[in-house]
Amino acid sequence: MNDPANLELGLIGLGTMGMSLLLNMADHGHAVAGYHRDGARLQRIRAAALPNLHGFDELAGFVRALRRPRVVMLLVPAGAPVDSVIAELLPLLEAGDFIVDAGNSFHRDTARRAHELEPWGISFVGMGVSGGESGARHGPSMMPGGGAHAWERLRPVLESVAARADGEPCVAPMGKGAAGHYVKMIHNGIEYALMQMLAECYDLMRRRLGMTNAEMAAEFARWNDGRLQGFLVAITVTVLGTPDPLGAGELIDAVSDQARAKGTGKWTSQEAMDLGVPVPAIDAAVSARELSALRAERLQLAALYPGAPPARADRAAALAGLEQAYFAAAWIAYAQGFAQIAAASREYGFGTGLATVARVWRAGCIIRAAILEPIHAAFAANPALANLLLEPAVAAALAPAVAGLRATVIDGVSCGVPLPALSAALAYFDGMRSARLPANLLQAQRDHFGAHTYERLDRDGSFHSEWGRE
Ligand code: 6PG
């Protein structure tokens, strides 16, 4: 048999995600190849027995088999592995070729790599991919950066393998440079916030309302049938209903309550602070995971400061409030994430279209949810919208739900069930709708102790005062 030639795309990194994406491409009729230096790892490619799917354990042959300009996609762990694969590839590629990093890389690394590859004439494209293994296999949401030139070359393959919403593929160019990885980072920040908010609802249902796993699963299922429909709500139903294979009852009760994180949520918060954009619901979610990890201290403190939340009698009223709370808080979490994308796009010159981001998040990704339809409509109608919460249609949906969020937060505070992300969302909302905040006092204090100056509401200019003496 002749060696394969003119293949559409080659993929390096045949782990779960890479393999699933490669099989997805082959299923859609693209002639593609996977590379792994360990030939044994090519077993799944051989087992698939597809005439348009090829495996290589030799890098030069793999690169030679690709059509020019070549596209090599990387699905390797973020960090040093990406740099070492690039270093191996570089002598084999030529000007005009593309390297697409489809891992969860940090956007500043992506910008650096693109810059380093520029003199070689190689376009380095950072692309966010969301949806886990099943998404990669059957239709992920994809967020490529790298600008229009890269999109032109990648479009046919990406559009054919992406998830679809209303018949439209959930992939589109996110903007120039590292925009793709930036948008994926924000996706994960919102993911952290929504997951934490759902965990807080679960905590109130369990500890305050005394609901069983089956009752909670039924309640989340009801949510998923309505305006709260979304992937994370749906998997919460599944999780709560899964029996423990190693014991009695449901598996969820045996799972350790210490959350781990790979870092994308933390990056979102760190980057938001660098830009000066408030994303407190995401910050709270990151901190809540860190706090959960302090289990030894928590156990000691639980003994030192005992007191279980009292049971609440009016379950129906509490659940009605909780449904509103998650609805309102989810709006606020997305609003914070989109505000950060807008600020980053201005700062880094990405040129990211917010409506486009909402469009590709409607299916395939982890934060896909019914709410993304009105979010998409809001940014499509007004691409320059400074904050999602300013859109009249959003206000009409959100305002009536704030009472439930407030009642839920009050309930959590009153009984000692911590609701950090829900509380942070409410405080953001209350802060953003305050025509007057107490920051005048901060400014006065700064000027008092450090002569940092302040501005006045009634005239232009910068002022310094001898406080207490004037
Ligand atoms: C996705 C997920 C995916 C991954 C997260 C998990 O969009 O498919 O976000 O990227 O599951 O990185 O992140 P943590 O390990 O930090 O929770």
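Residues numbered from 1 in each chain as written. Predicted model: local features only at pLDDT ≥ 70, side-chain atom pairs only at ≥ 80, totals over all residues. Heavy atoms only, no water.

**A few points about the overall build of the protein chain**
Point 1. Along its length, the protein chain carries 19 helices and nine strands.
Point 2. What you see for the protein chain is a C-alpha radius of gyration of 25 Å, in line with the 23 Å of a compact globule of 470 residues.
Point 3. Viewed in the frame of its principal axes, the protein chain has a C-alpha envelope of about 85 × 65 × 45 Å.
Point 4. Counting every position in the protein chain, which comprises 470 residues, the buried fraction comes to 51%.
Point 5. Residue pairs at least 24 apart in sequence account for 67% of intrachain contacts in the protein chain once pairs closer than 6 positions are excluded.
Point 6. Summed over all atoms, the accessible surface of the protein chain reaches about 21,600 Å², with 57% contributed by carbon and sulfur.
Point 7. Treating the 41 positive side-chain charges of the protein chain as one cloud and the 47 negative ones as another, the clouds have centres 1 Å apart. (Helix = DSSP H or I, 4+ residues; strand = E, 2+ residues; numbered from the N terminus. Rg over C-alpha atoms; globule rule 2.2 N^0.38 Å. Buried < 20%, exposed > 50% of the residue type's maximum accessible area, 1.4 Å probe, protein only. Contact = heavy atoms within 4.5 Å. Areas by Shrake-Rupley, 256 points an atom, 1.4 Å probe, with all protein chains shown as cover. Lys, Arg positive; Asp, Glu negative; His and termini not counted. Charge placed at Lys NZ, Arg CZ, Asp CG, Glu CD.)

**Here we look at helix α10 (residues 231–240)**
Point 1. Burial in α10 covers these residues: L232, V233, T236 and L240. Axial view of α10: buried residues confined to an arc of 100°, hence all on one face.
Point 2. Contact partners of the buried residues in α10: α8 (179–208), α9 (213–224) and α14 (315–348). (Arc of directions from axis to C-beta.)

**Points about the domain arrangement of the protein chain**
Point 1. Once the domains are mapped, the protein chain shows domain 1 (9–177), domain 2 (184–432) and domain 3 (438–470).
Point 2. Averaged C-alpha coordinates put domain 1 and domain 3 at centres separated by 55 Å. (Domains from an automatic or database assignment.)

**Focus on the site of the ligand**
Point 1. Around the ligand sit 14 residues, and of these N104, S130, E191, Y192 and K262 come closest.
Point 2. In this structure, G131 approaches the ligand through a main-chain N or O atom, which is 3.0 Å from an oxygen atom.
Point 3. Interatomic distance of 2.6 Å between a side-chain N/O atom of E191 and an oxygen atom of the ligand.
Point 4. Summarising the interface, the protein chains cover 80% of the accessible area of the ligand, which totals 420 Å² for the free molecule.
Point 5. If one sorts the elements of the shell around the ligand by residue count, α8 sits on top with five residues.
Point 6. Tallied by class, the residues present in the shell around the ligand amount to three nonpolar, seven polar and four charged.
Point 7. In this structure, the shell around the ligand is formed jointly by two domains, domain 1 (9–177) and domain 2 (184–432), each of which donates at least three residues. (Near = heavy atom within 4 Å. Polar contact = N/O pair within 3.5 Å; in protein donor to acceptor, adjacent residues only side chain to side chain. Nonpolar A, V, L, I, M, F, W, Y, C, P; charged D, E, K, R; others polar.)

**Some details on the side chain of H36**
Point 1. Along the chain, the position of H36 falls in the loop between β2 (32–35) and α2 (43–48).
Point 2. Within polar-contact distance, the side chain of H36 engages the backbone nitrogen of D38 at 3.0 Å.

**Here we look at the sheet that holds strand β4 (residues 71–74)**
Point 1. Pairing within the open sheet is mixed, and its seven strands lie in the order β3-β2-β1-β4-β5-β6-β7. Each having just a single partner strand, β3 (53–56) and β7 (141–144) make up the two edges of the open sheet. Taken over all neighbouring pairs, the strand axes of this sheet differ in orientation by 25° on average, direction set aside.
Point 2. Running over the sheet, helix α1 (residues 16–27) touches β1 (9–12), β2, β3, β4 and β6 (123–130) and is turned about 160° from β2.
Point 3. In the packing of helix α4 (residues 80–89) onto the sheet, the strands contacted are β1, β2, β4, β5 (98–101) and β6, and the crossing angle to β4 comes to about 155°. (Pairing = 2+ DSSP bridges. Axes fitted to C-alpha atoms, helices over the stretch in contact; angles between N-to-C directions.)

**Here's the deal with unusual backbone geometry**
Point 1. R68 connects to P69 through a cis peptide bond whose omega is -10°.
Point 2. In this fold, P69 is placed in the loop between α3 (59–64) and β4.
Point 3. One non-glycine residue, D166, adopts positive backbone phi at about 55°.
Point 4. With respect to the helices and strands, D166 occurs in the loop between β8 (164–165) and β9 (168–169).
Point 5. One non-glycine residue with positive phi stands out, namely A451, at about 50°.
Point 6. Tracing the backbone shows A451 in the segment after α19 (439–450).
Point 7. What makes A451 partly exposed here is its relative accessible area of 43%.

**Some remarks on the packing of aromatic side chains**
Point 1. Counted by the stated rule, this structure contains 13 aromatic pairs.
Point 2. With centroids separated by 4.8 Å and ring planes inclined at 45°, the aromatic side chains of F106 and W267 adopt a geometry described as tilted. One end of the pair, F106, is in the loop between β5 and α5 (107–117); the other, W267, is in helix α11 (residues 264–275), with 161 residues separating them in the sequence. Across the pair, exposure class does not vary: F106 and W267 are buried alike.
Point 3. Here the aromatic rings of W223 and Y326 are separated by 5.8 Å at their centres, their planes lie at 15°, and the arrangement is stacked. Residue W223 is found in helix α9, and its partner Y326 is found in helix α14; the two are separated by 103 residues along the sequence.
Point 4. Following the ring pairs from residue to residue traces out a cluster consisting of Y35, F56 and F62.
Point 5. The aromatic ring of F327 is capped on one face by R227, whose charged end is 3.8 Å from the ring centroid. (Phe/Tyr/Trp six-rings, centres within 6.5 Å; stacked < 30°, edge-to-face > 60°. Lys NZ or Arg CZ within 6 Å of the ring centre and 35° of its normal.)

**A few points about α1**
Point 1. Compared with an ideal rise of 1.5 Å per residue, which puts twelve residues at 16 Å, α1 spans 16 Å between its outermost C-alpha atoms and is within 8% of the ideal.
Point 2. Turning to α1, its buried residues number three or more, namely G18, M19, S20, L21, L22, L23, N24, M25 and A26.
Point 3. Of the residues one or two after α1, G29 is the one with positive phi, at around 90°. (Expected span 1.5 Å × (residues − 1).)

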